[in-house]
Structure formats: C-alpha cells, structure tokens
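Here's the letter readout for the chains.
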Amino acid sequence: MNAERYIPDNILHAFVDGQLQGADRERLLAAMETDVPLRERVCALRRTKEWVRLAFETAQPPAH
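Here the structure is a predicted model, which means the values were calculated and not measured.

(A) Structural context of the overall build of the protein chain. In terms of helices and strands, the protein chain carries 3 helices and 0 strands. Counting from the amino terminus, helix and strand elements in the protein chain follow one another as α-α-α. Considered along the principal axes of its C-alpha atoms, the protein chain spans approximately 50 × 20 × 15 Å. In the protein chain, which comprises 64 residues, the share counted as buried stands at 22%. Nonlocal contacts in the protein chain, meaning residues at least 24 apart in sequence, comprise 61% of its contacts between residues at least 6 apart. In the protein chain, 9 side chains carry a positive charge and 10 a negative one; their mean positions are 2 Å apart.

Structure, rendered in structure tokens:
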C-alpha cells in the first residue's frame, strides 16, 4: 500500500463496526479488492473484535 492510499485505523474500525456508510464504504470495499495489506489490516481488526467479544461474552457488571 502506498502512502497516498493509506487508510487510517479509525476508518477501518468504523468499517468493522458497521458504521461506515455509502460511498466511503464502497470505496473501502473497492480498495480491499486489490490491496492485500489493507485486507490483512481489516481481517486483523475483525479477528481482534471477535476475540474481545468472546473474552467478555459471559462477563457481568459488578453488583453495586
């Protein structure tokens, strides 16, 4: 991935969290088609999100 095509982590987090909409989402999906390092970054974020979800799946808030 070259410097002018670098996509910041906050945009990738928004994509993984389902918060990226419309043309922004479309552009990111198109970029992922040809940019292997970008796909790897997105996969790593998704994997991390799933591990965190799994780790806290049975967590309960403390009683007050």
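Anyway, onward from the coordinates.
(B) Expanded view of the nonpolar core. Listed in full, the 12 residues of the largest apolar core are Ile7, Leu12, Ala14, Phe15, Val16, Leu20, Leu28, Ala31, Met32, Leu38, Val42 and Leu45. Those elements giving two or more residues to this core turn out to be helix 1 (9–16), helix 2 (22–34) and helix 3 (36–55). Ranked by the residues each element gives to this core, the list is headed by helix 1, at 4 residues. Those residues in contact with Leu20 that sit more than four places away from it in its chain are Ile11, Ala14, Phe15, Arg25 and Leu28.

(C) Layout of the environment of Arg25. Along the chain, Arg25 falls in helix 2. Judged by relative accessible area, which is 32%, Arg25 ranks as partly exposed. Taking the C-alpha atoms as reference points, Arg25 and Ile11, separated by 14 residues in sequence, lie 9.4 Å from one another. If near-sequence neighbours (up to four positions away) are discounted, Arg25 is found in contact with Phe15 and Leu20.

Cut-offs and rules
- Residues numbered from 1 in each chain as written.
- Predicted model: local features only at pLDDT ≥ 70, side-chain atom pairs only at ≥ 80, totals over all residues.
- Heavy atoms only, no water.
- Helix = DSSP H or I, 4+ residues; strand = E, 2+ residues; numbered from the N terminus.
- Buried < 20%, exposed > 50% of the residue type's maximum accessible area, 1.4 Å probe, protein only.
- Contact = heavy atoms within 4.5 Å.
- Lys, Arg positive; Asp, Glu negative; His and termini not counted.
- Charge placed at Lys NZ, Arg CZ, Asp CG, Glu CD.
- Core = buried A, V, L, I, M, F, W, Y, C linked by side-chain atoms within 4.5 Å.

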